[in-house]
Amino acid sequence: MANIISCPSGLTGRIRGMRVREERVLADRKLAKSGGQVDELLSACWEELLEAGPYAFADGKVDWGQVLQGDRFYALLQVRVLTYGPEYAFAVPCQNAACRARIDWELDLRQLPVRALSDTSRACFVAGNRFETTLPDAGTRVRFKLLTGEDERRLPQLQRATPEKLLSSVLAYRVLDVDGVDARDKRRFLEDLSLRDADFLVDEFDRVDCGVDTTLEVECPECFMRQEVELPFDRGFFLPGTQRTTRRRERSTSSPA
């Protein structure tokens, strides 16, 4: 079974669901460490390019390293829907420290809000992936880029290298240049930003980007506290049967003899 999808940027093509042979991609630790799993899965399940959207691919073949992060996740989501259906069940702990009960939740993945790439953002992306904004406190203009698949593979390595400077690492990677600041001083400038400016900049990244909103509101069945959680995106997302088996084992070992 195949299906035609149109990603948030307009990238359109024919996809198929995962097959047994794709399990090796999910189990490949080397690919996981290098961040290449997503590219392998998308390359395997993308059958035909129908419309390139804002991308300039050679020979009519999708280069997933060039594709925006929002498009990549949307395509993965559709592959998952096509493989197992739209229902996705998961469990998270209650955020209430006095409760911490297990919250079992299920949703229809097709109902997640999707934000399209605006015409303005498309023009900036095509013109070199350069976006501009002015920081409210510093009063300085900065230029930044949207993340692509190639960036997706590099960012985790940068974050692991300096885990104590997670925010500044991300900002330094995405900010291309700052008015009046030498390239060698960019990192220092960003580390001296007010948190208001940093929050503003992250909001600007999201405002001009495209993709799927994965923030969910769930309710604890014990304390009834409503809380926001991020859609779990792990091995169980693509191998729900394995996840169900693990849960059955957990229940079995925790039950009284």
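Residues numbered from 1 in each chain as written. Predicted model: local features only at pLDDT ≥ 70, side-chain atom pairs only at ≥ 80, totals over all residues. Heavy atoms only, no water.

Caption draft 1: The arrangement of a nonpolar patch on the surface in detail. Judged by side-chain polarity, Leu167, Leu195 and Val202 come together as a nonpolar surface patch covering roughly 250 Å² of accessible area. For valine 202, the location among the structural elements is in helix H9 (residues 195-208). The class of valine 202 is partly exposed, set by a relative accessible area of 31%. (Patch = residues over 30% accessible without salt bridge, like charges linked within 9 Å, V, L, I, M, F, W, Y side chains within 5 Å. Areas by Shrake-Rupley, 256 points an atom, 1.4 Å probe, with all protein chains shown as cover. Salt bridge = Lys/Arg side-chain N within 4 Å of Asp/Glu carboxyl O. Helix = DSSP H or I, 4+ residues; strand = E, 2+ residues; numbered from the N terminus. Buried < 20%, exposed > 50% of the residue type's maximum accessible area, 1.4 Å probe, protein only.)

Caption draft 2: Fine view of the environment of alanine 198. Along the chain, alanine 198 falls in helix H9. Linking alanine 198 and leucine 171, residues 27 residues apart in sequence, is a C-alpha distance of 8.1 Å. Each residue touching alanine 198, except ones within four places of it in the same chain, is listed here: Leu167 and Leu171. (Contact = heavy atoms within 4.5 Å.)

Caption draft 3: Local environment of the sheet that holds strand E7 (residues 131-134). The sheet built from 3 strands is open, its strands ordered E7-E8-E9 with antiparallel pairing. Both outer strands of the open sheet, E7 and strand E9 (175-178), are each paired with one neighbouring strand and no more. Pairs of neighbouring strands in the sheet enclose a mean axial angle of 25 degrees, with direction left out of account. The pairing of E7 with strand E8 (residues 141-144) spans 4 bridges and is antiparallel. Looking at E8, one finds that glutamate 132 is bridged to arginine 143. Seen against the sheet, helix H7 (residues 166-174) touches E8 and E9 and runs at an angle of roughly 75 degrees to E9. (Pairing = 2+ DSSP bridges. Axes fitted to C-alpha atoms, helices over the stretch in contact; angles between N-to-C directions.)

Caption draft 4: Quick look at the environment of glutamine 111. Positionally, glutamine 111 belongs in the loop between strand E5 (102-108) and strand E6 (114-115). Considering only alpha carbons, one finds glutamine 111 and proline 86, 25 residues apart in sequence, at a separation of 8.9 Å.

Caption draft 5: Quick look at the pattern of salt bridges. Applying the stated criterion across every chain yields a total of 23 salt bridges. Between aspartate 137 and arginine 196 there is a salt bridge; the shortest N-O distance is 2.2 Å. With a gap of 59 residues between them, aspartate 137 in the loop between E7 and E8 and arginine 196 in helix H9 connect regions that are remote in the sequence. With a closest N to O distance of 3.4 Å, arginine 187 and glutamate 191 form a salt bridge. Placement of both arginine 187 and glutamate 191 in helix H8 (residues 186-191) is noted, with a separation of 4 residues, approximately one turn of the helix.

Caption draft 6: Structural context of the pairing of strand E12 (residues 226-230). With burial as the criterion, only one face of E12 is covered, namely that bearing Gln227 and Val229; the residues Arg226, Glu228 and Glu230 on the opposite face remain uncovered. Two elements, strand E11 (residues 215-219) and E12, share 5 bridges in a ladder whose sense is antiparallel. Looking at E12, one finds that glutamate 219 is bridged to arginine 226. From the end of E11 to the start of E12, which pair antiparallel, there are 6 residues, and phenylalanine 224 there has a positive phi angle of about 65 degrees.

Caption draft 7: Region of the structure containing the packing of aromatic side chains. Considering all chains together, one arrives at 7 aromatic pairs under this definition. Between tyrosine 55 and phenylalanine 125, the aromatic rings sit 5.7 Å apart at their centres with planes inclined by 85 degrees, giving edge-to-face as the arrangement. Taken as a pair, tyrosine 55 in the loop between strand E3 (46-51) and helix H4 (69-84) and phenylalanine 125 in helix H5 (residues 119-126) lie far apart in primary sequence, 70 residues in all. Comparing tyrosine 55 with phenylalanine 125 shows no difference in burial state: the two are buried. Cluster of aromatic residues (ring-pair linked, three or more members): Tyr55, Phe57 and Phe125. The side chain of lysine 145 reaches across the aromatic face of tyrosine 173, ending 4.3 Å from its centre. Positioned over the ring face of phenylalanine 205 is arginine 174, at 4.1 Å from the centre of the ring. (Phe/Tyr/Trp six-rings, centres within 6.5 Å; stacked < 30°, edge-to-face > 60°. Lys NZ or Arg CZ within 6 Å of the ring centre and 35° of its normal.)

Caption draft 8: Fine view of the nonpolar core. Membership of the largest hydrophobic core comes to 63 residues, with the highest contact counts inside it found for Leu11, Trp64, Leu109, Leu112, Leu201 and Leu231. For this core, the element with the most residues is H4, which contributes 8 residues. Here this core spans two domains, since at least three of its residues come from each of domain 1 (4-114 + 212-235) and domain 2 (118-209). Residue contacts for leucine 109: discarding those within four places in its chain leaves Leu77, Arg80, Val81, Pro86, Tyr88, Leu231 and Phe237. (Core = buried A, V, L, I, M, F, W, Y, C linked by side-chain atoms within 4.5 Å. Domains from an automatic or database assignment.)

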